[in-house]
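For reference, the chains in residue letters:
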Amino acid sequence: MYAKRSILVAIDEMPEPVWEIFSEQFAITFLRDGRDVKPLLQKRSFDILFLDLFLSGEDGLQLLRDIHTTGSTQGGAKPRKYRLTAGAPLDGDGILPAVILTSAAPNFSFAREGLLYGACDYLLHPFEKQTLAECLERVCRRRDSQSQARASPLGIPFGHSPEVPLNDGDRVLTELMLTLTPCLGTDSFPYRLEQCMEQILAYTPNPIQADYQCRVFFRMLVKETFERYSWLSNFLTRSECEGIEAIRDNDSHLVQSTCMHKGNWLNSTISILYPATKDQTINEVLVYMLNHVDTPGFQREVAQTFYISPSALSERFAKTVGISYHTWLQRIRLHRAAFLLRNTDLKLYEVCAQLGFRDAGYFSRQFRQQMGVSVSDYRKDPGQDFQI
């Protein structure tokens, strides 16, 4: 099925009988002491490395970190300046082994960290024949595609072969993102986001990989959202939106539901601050004010900017948006105030002055009415998902 490939099995147990099934297709070497792994990798090249998280002598995760840091197992190699992807090409000859992490008992937090350092899969041992065969199939296909891309004069990016499934990552996630971002700020967004998350889980049966892919997809969503709506950084920080790293349980469905909750909260914020309409001029007014929320301007000045009269602006705004211009303007200023209270040390009177509120008492009453909490309580504990 394949040209004979080399496998290094670094597991702190006696070799399992299941490996005999694959001995004709692969040249398999076994090690039980973690201190022997690195010297052997420096002397010989292997296509695939099964690495126990809890090797004696030197644990597998530390060894993987070392490979990630240097970018190579060969002595004298230059440190890499980017994250190592399993099977990525070396600066010199050869290709780093594809690393499959393994352990006798589930340890999802260590496994997740291993994926961040370039491991391509995680299996529990003792291995089942079918599971091991499917894993080897995926890895061999991946390495074939990477070798072809490396030799191609077209410079095809690594990990983007259409024959490689979601485990290689970016292509499928990008395609899903292209279907999701047009729904931002609309009522269809929650349904489409749920569809995307379900497709990720369907493509990725391995729970560690599913967890990782959901997190990557959500970070992509936040990045795309902030690029699509440049004014959003006046009201939210990316770190406020990306707050899913605290979830340590490797339950891909928990990660999925959290991503959906955060994504829908983000979408709701956009729809409230930017109620896009069919009137292009009003849409431009909305974006203009969202970008200049810190420079309060009179309605007359805004109208002049768009070459319409103040009365026409009021009428068209109320007709298309459904609320008055002044009501919406106060809404975005209060949201901007909430941002400043969360992320700066400005005093209350400084926030009021910056946003055009002359009376701090009036501002405090309006803030409580919109946010559901007093200014002082909000500043003490703004919460992750503040009221919108």
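Up top is the structure.
Residues numbered from 1 in each chain as written. Predicted model: local features only at pLDDT ≥ 70, side-chain atom pairs only at ≥ 80, totals over all residues. Heavy atoms only, no water.

**Thoughts on the nonpolar core**
Across soluble globular proteins, nonpolar side chains show a tendency to be buried alongside one another.
In step 1: Leu51, Phe217, Trp231 and Ile332 are the most contacted members of the largest nonpolar core, which totals 75 residues.
In step 2: With 11 residues, the top contributor of residues to this core is helix α7 (residues 207–228).
In step 3: The residues touching isoleucine 332, leaving out its near neighbours within four places in the chain, are Phe235, Leu273, Met289, Leu290 and Val293.
In step 4: Judged by nonpolar contacts, the second largest core, of 19 residues, contains Val18, Ile100, Leu123 and Phe127. (Core = buried A, V, L, I, M, F, W, Y, C linked by side-chain atoms within 4.5 Å. Buried < 20%, exposed > 50% of the residue type's maximum accessible area, 1.4 Å probe, protein only. Helix = DSSP H or I, 4+ residues; strand = E, 2+ residues; numbered from the N terminus. Contact = heavy atoms within 4.5 Å.)

**What to know about the packing of aromatic side chains**
In step 1: Applying the stated criterion across every chain yields a total of 14 aromatic pairs.
In step 2: Judged by centre distance (6.1 Å) and plane angle (80 degrees), the rings of tryptophan 231 and phenylalanine 235 are edge-to-face. Accessibility classification places tryptophan 231 together with phenylalanine 235 in one group, the buried group.
In step 3: Pairwise contacts between aromatic rings join Trp19, Phe30, Phe50 and Phe127 into one cluster. (Phe/Tyr/Trp six-rings, centres within 6.5 Å; stacked < 30°, edge-to-face > 60°.)

**Side note on the sheet that holds strand β4 (residues 98–103)**
In step 1: Spatial ordering of the open sheet is given by β2-β1-β3-β4-β5, a layout of five strands whose pairing is parallel. Lying at the two open borders of the sheet, with one neighbouring strand each, are β2 (26–31) and β5 (121–124). Taken pair by pair, the neighbouring strands of this sheet meet at an average axis angle of 20 degrees, ignoring direction.
In step 2: By the bridge criterion, four bridges tie β4 to β5 in an arrangement that is parallel. Pairing of isoleucine 100 across the sheet is with aspartate 121, part of β5. (Pairing = 2+ DSSP bridges. Axes fitted to C-alpha atoms, helices over the stretch in contact; angles between N-to-C directions.)

**Brief notes about the packing of helix α14 (residues 348–355) against helix α15 (residues 360–371)**
In step 1: Put simply, α14 and α15 touch, their axes get as near as 10 Å, and they point 85 degrees apart. One way to sum up the angle between α14 and α15 is to call them roughly perpendicular. Contact residues: Leu348, Val351 and Cys352 in α14; Ala360, Phe363 and Ser364 in α15.
In step 2: Its residues assigned to classes, the contact of α14 with α15 shows five nonpolar, one polar and no charged. (Parallel < 35°, antiparallel > 145°, perpendicular 65-115°, else oblique. Nonpolar A, V, L, I, M, F, W, Y, C, P; charged D, E, K, R; others polar.)

**Re the pairing of β4**
Along a regular strand, successive side chains alternate from one face of the sheet to the other.
In step 1: Of all the six residues making up β4, six are buried; the element is thus mostly covered by neighbouring parts of the structure.
In step 2: Both faces of β4 are covered, namely the face carrying Ala98, Ile100 and Thr102 and the face carrying Val99, Leu101 and Ser103.

**Quick look at unusual backbone geometry**
In step 1: Of note, the bond from histidine 125 into proline 126 is cis; its omega dihedral lies within 30 degrees of zero at 10 degrees.
In step 2: Looking at the element boundaries, proline 126 is found in the loop between β5 and α4 (129–151).
In step 3: For tyrosine 307, which is not glycine, the phi dihedral falls at a positive 55 degrees.
In step 4: You can see tyrosine 307 is positioned in the loop between α11 (299–305) and α12 (310–321).

**What about the side chain of asparagine 283?**
In step 1: Note that asparagine 283 resides in helix α10 (residues 280–291).
In step 2: For asparagine 283, a relative accessible area of 8% corresponds to the buried category.
In step 3: One polar contact links the side chain of asparagine 283 to the main-chain carbonyl oxygen of threonine 277, over a distance of 2.7 Å.
In step 4: Aside from chain neighbours lying at most four places away, what touches asparagine 283 is Tyr274, Ala276 and Thr277. (Polar contact = N/O pair within 3.5 Å; in protein donor to acceptor, adjacent residues only side chain to side chain.)

**Here we look at α7**
In step 1: Between the first and last C-alpha of α7 there are 31 Å, a value that for 22 residues agrees with the 32 Å anticipated at 1.5 Å per step.
In step 2: The element α7 is extensively covered by neighbouring structure, given that 16 of its 22 residues are classed as buried. (Expected span 1.5 Å × (residues − 1).)

**What about α15?**
In step 1: Taking 1.5 Å per residue as the helical rise, α15 with its 12 residues ought to reach 16 Å, and the 16 Å between its terminal C-alpha atoms agrees with that figure.
In step 2: The complete set of buried residues in α15 reads Phe363, Gln366, Phe367 and Met371. Buried residues along α15 cover an arc of 110 degrees about the axis, so they all sit on one side. In α15, the exposed positions angled more than 90 degrees off the buried face are occupied by Arg365 and Gln369.
In step 3: On the buried face of α15, the contacting elements are α13 (325–343), α14 and α16 (375–380).
In step 4: The backbone nitrogen of glycine 361 has a side-chain oxygen 2.8 Å away, supplied by the residue at the start of α15, namely aspartate 359.
In step 5: Backbone geometry just downstream of α15 places glycine 372 in the positive-phi region, at approximately 80 degrees. (Arc of directions from axis to C-beta.)

**Description of the pairing of strand β1 (residues 5–10)**
In step 1: Among the six residues that make up β1, six are buried, leaving the element largely enclosed by the rest of the structure.
In step 2: Every second residue of β1 is oriented toward a common face, with Arg5, Ile7 and Val9 on one face and Ser6, Leu8 and Ala10 on the other, all of them buried.
In step 3: Sheet topology note: the β1/β2 ladder contains six bridges and is parallel. Its bridge partner being in β2, isoleucine 7 is matched across the sheet by isoleucine 28.

**Observations regarding the environment of leucine 61**
In step 1: In this fold, leucine 61 is placed in helix α2 (residues 60–70).
In step 2: On a C-alpha basis, the gap between leucine 61 and leucine 51 in space is 8.3 Å, while along the polypeptide they are 10 residues apart.
In step 3: For leucine 61, the contacting residues outside a window of four places in its chain are Leu53, Phe110, Glu113 and Gly114.

**With respect to the packing of α13 against α15**
In step 1: In the contact formed by α13 and α15, the axes pass within 10 Å of each other and the chain directions differ by 95 degrees. Classed by the angle they form, the pair α13 and α15 counts as roughly perpendicular. Between α13 and α15, the contacting residues are Gln330, Arg331, Leu334, His335, Ala337, Ala338 and Leu341 on the first element and Tyr362, Phe363, Gln366, Phe367, Gln370 and Met371 on the second.
In step 2: Tallied by class, residues from the contact of α13 with α15 come to eight nonpolar, four polar and one charged.

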